[in-house]
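Structure assessment
Each chain, written out:
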Amino acid sequence: MIRKLFRTPIFRNLKFYRPALYMFSQQNQDPKFSDEIMNKLKNQAQQFYDNIVVDNNLQHVDVKDVDHFNQLIQESNQKIIIVYCYAQWSLECKDFKQVLIQNMEKYSDISTIINIDIDKHPNLITQLQINSVPFAGVVYNNQFVDGYFKNGKFDRFMSVVEQISRILRGENIEEMILEQMSELFQSKNHQGLLTLTTEALARDNIKKDHPKYLLFKGLAYVLMEDSIKIQEILDQFDQQFKDDLTDINTKQLYQLVQDQLTLIKDLQSLTPEMKRILERINENPKDKDLYFDLALESLNLKNYELAIKSLLNIVKMDKNWSDKKAQKKLLEIFSQLGNQHNLVIEGRKQLGKLIN
């Protein structure tokens, strides 16, 4: 059986197969072998085993150096690159490798696994900021989209692979893509969402829902708290897809991006004291004194909108709180701004609904 295996093409290219198997032959256990030689043979035997269990249809590449790694990553423009970091001495890495291979087999036509031995390439591991093994990262369009660390959620990792695979295979999956974008936003995976939306917008065969794809790209920047990029997305939407706001789903998504942009701008303008108060409100959401403190701090910065919202929230919780203290402060602000001010018009309307 062994001889028959050696005649197959895969084993002809293995330089170490003969000495590696020598140690398993009973009649060839020669005691003159030193410990150093025996350890070397054991390592070769392990490598031999690793190569046997690898699925031949799934492409694997061992990284030689940093330049070789960068060259391999360039292929991520056309396929999924899995960066697999491991240690030869780790049994957990060996077990995970088999799980990874089994799950990646159905993507063999559009993926490559890049193997990085952490002991052979410590500088590269440092650059990649890998702190534990086993590690597997999904690279697509030259970006790390998602990663699996020890004891992480492997199902989520594979769902990202599935998302990208469907795009690469050009399937007609507009609604599925929108669902995936929503899931990525809910899970706060900004890099995955940015990559998916960018790729979806670039493809010719899924033009139908471009307006929503663009707005989800805006939500990726929301997760990154990049107000400049969010505004750019909204401006681009207004120029290209303003008529699409007749669709209720698109309109709701557009409003969400706008509201998030307003919130981010408000947060970026907060003083340390306001952030401290908001953190305390987070812990005590029904503490009306904290909302009043937030209103006063907002007034000091002439942030009348936040002050009015904070005071209205107090009235909503208890319109008679502290001898109608919140209502009185609202009337002072309305008087200061004047009856024609937009904030006053809207504020009076909301106050009337709350106290009547």
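Residues numbered from 1 in each chain as written. Predicted model: local features only at pLDDT ≥ 70, side-chain atom pairs only at ≥ 80, totals over all residues. Heavy atoms only, no water.

The name given to the protein in an unreviewed UniProt entry is Thioredoxin domain-containing protein, and the organism recorded there is Paramecium sonneborni.

**Describing the overall build of the protein**
Short version of the rule: Secondary structure elements are taken from DSSP: a helix is a run of H or I of four residues or more, a strand is a run of E of two residues or more, and numbering for both begins at the N terminus. Under the scheme applied here, a residue whose accessible area is under 20% of the maximum for its type counts as buried, over 50% as exposed, and between as partly exposed, the area being computed with a 1.4 Å probe on protein chains only. The contact criterion used is simple: two residues touch if any of their non-hydrogen atoms lie within 4.5 Å. What sets the accessible areas is the Shrake-Rupley method with a 1.4 Å probe; for residues, cover comes only from the shown protein chains.
The helix and strand tally for the protein stands at 18 helices and five strands. Here the protein holds 356 residues, and 44% of them are scored as buried. In the protein, the proportion of contacts linking residues at least 24 apart, taken out of those at least 6 apart, comes to 61%. When the accessible surface of the protein is totalled, it reaches about 20,900 Å², and 47% of it is carbon and sulfur.

**A closer look at the nonpolar core**
What counts is decided by this rule: For the purposes of this section, nonpolar cores are sets of buried Ala, Val, Leu, Ile, Met, Phe, Trp, Tyr and Cys residues that join through side-chain atoms within 4.5 Å.
In this structure, Ile-82, Leu-100 and Phe-157 are the most contacted members of the largest nonpolar core, which totals 72 residues. In this view, Phe-157 contacts Ile-82, Leu-100, Ala-136, Gly-137, Val-138, Asp-146, Gly-147 and Tyr-148; residues no more than four positions away in its chain are not counted. Core analysis: the next-biggest nonpolar cluster, separate from the first, contains 25 residues, Leu-270, Leu-299, Leu-311 and Phe-334 among them.

**Let's talk about the packing of aromatic side chains**
Our working rule: Stacked, edge-to-face and tilted are the three classes for Phe, Tyr and Trp ring pairs, Trp counted by its six-membered ring, which pair at centre distances within 6.5 Å; planes under 30 degrees apart are stacked, over 60 edge-to-face, the rest tilted. Throughout this description, the term charge over a ring refers to an Arg CZ or Lys NZ atom that lies within 6 Å of the ring centre and within 35 degrees of the ring normal.
One pass over the full model with this rule turns up ten aromatic pairs. Here the aromatic rings of Phe-237 and Phe-241 are separated by 5.8 Å at their centres, their planes lie at 50°, and the arrangement is tilted. In this pair, Phe-237 and Phe-241 both sit in helix H12 (residues 227-241), four residues apart, roughly one turn of the helix. Relative accessible area serves as the criterion here: at 0%, Phe-237 is assigned to the buried category. Ring centres 5.1 Å apart and planes at 35° place the aromatic pair Phe-237 and Tyr-254 in the tilted group. On the criterion of sequence distance, the pair formed by Phe-237 in helix H12 and Tyr-254 in helix H13 (residues 248-268) is long-range, its members being 17 residues apart. Judged by its relative accessible area of 11%, Tyr-254 is buried. Taking the ring centre of Phe-292 as reference, the NZ or CZ of Lys-325 above it sits at 4.5 Å.

**Section: the environment of Tyr-291**
Inspection of the secondary structure assignment puts Tyr-291 in helix H15 (residues 288-300). Distance from Tyr-291 to Leu-312, taken between C-alpha atoms, is 9.5 Å for residues 21 residues apart in sequence. The contact partners of Tyr-291, leaving out residues within four places of it in the chain, are Ile-281, Pro-285, Ser-310, Asn-313, Ile-314 and Met-317.

**Remarks on the sheet that holds strand S5 (residues 143-148)**
Two modes of strand pairing occur in sheets, parallel and antiparallel, and in both the strands are linked by backbone hydrogen bonds. For clarity, the threshold we go by: Strands qualify as paired when DSSP identifies two bridges or more between them. All axes are obtained by fitting lines to C-alpha atoms, using only the stretch in contact for helices, and the reported angles, taken between N-to-C directions, cover 0 to 180 degrees.
With mixed pairing, five strands are arranged side by side in an open sheet as S1-S3-S2-S4-S5. Looking at which strands have only one partner, the edges of the open sheet turn out to be strand S1 (59-62) and S5. Pairwise comparison of adjacent strand axes, ignoring direction, gives a mean angle of 25° for this sheet. Sheet topology places strand S2 (residues 80-86) next to strand S4 (residues 135-140); five bridges connect them, and they run antiparallel. If you follow Val-83 over to S4, its bridge partner there is Gly-137. Sheet strands in contact with helix H8 (residues 154-168) are S2, S4 and S5, and its direction is about 25° off that of S4.

**Describing unusual backbone geometry**
If a residue is not glycine, its phi is most likely negative; likewise, a peptide bond is most likely trans. Backbone torsion omega between Val-133 and Pro-134 reads 5°, so that peptide bond is classified as cis. Looking at the element boundaries, Pro-134 is found in the loop between helix H7 (122-128) and S4. Backbone geometry places Asn-142, a non-glycine residue, at a positive phi of 65°. Mapped onto the elements of the fold, Asn-142 is located in the loop between S4 and S5. Positive phi, close to 55°, is recorded for Lys-324, a residue that is not glycine. Using a relative accessible area of 39% as the deciding quantity, one classes Lys-324 as partly exposed.

**A few points about helix H14 (residues 272-283)**
Cut-off, in case you're wondering: Helix span, expected: 1.5 Å multiplied by one less than the number of residues in the helix. Working definition: the arc comes from the directions between the helix axis and the C-beta atoms, pointing outward to the latter.
For H14, built from twelve residues, the straight-helix expectation of 16 Å at 1.5 Å per residue is met to within 8% by its first-to-last C-alpha distance of 17 Å. Residues Met-274, Ile-277 and Ile-281 constitute the buried set of H14. For H14, the arc enclosing every buried residue in end-on projection is 60°, short of the 170-degree limit, so these residues lie on one face. Residues of H14 that are exposed and point over 90 degrees away from its buried face: Pro-272, Glu-279, Asn-282 and Glu-283. On its buried face, H14 is in contact with H15 and helix H16 (304-317).

**Re the pairing of S4**
Burial analysis of S4 places six of its six residues in the buried class, the great majority of the element. Sheet topology places S4 next to S5; five bridges connect them, and they run antiparallel. Paired with Gly-137 across the bridge in S5 is Gly-147. The loop that links S4 with its antiparallel partner S5 comprises two residues; one of these, Asn-141, has a positive phi angle of about 55°.

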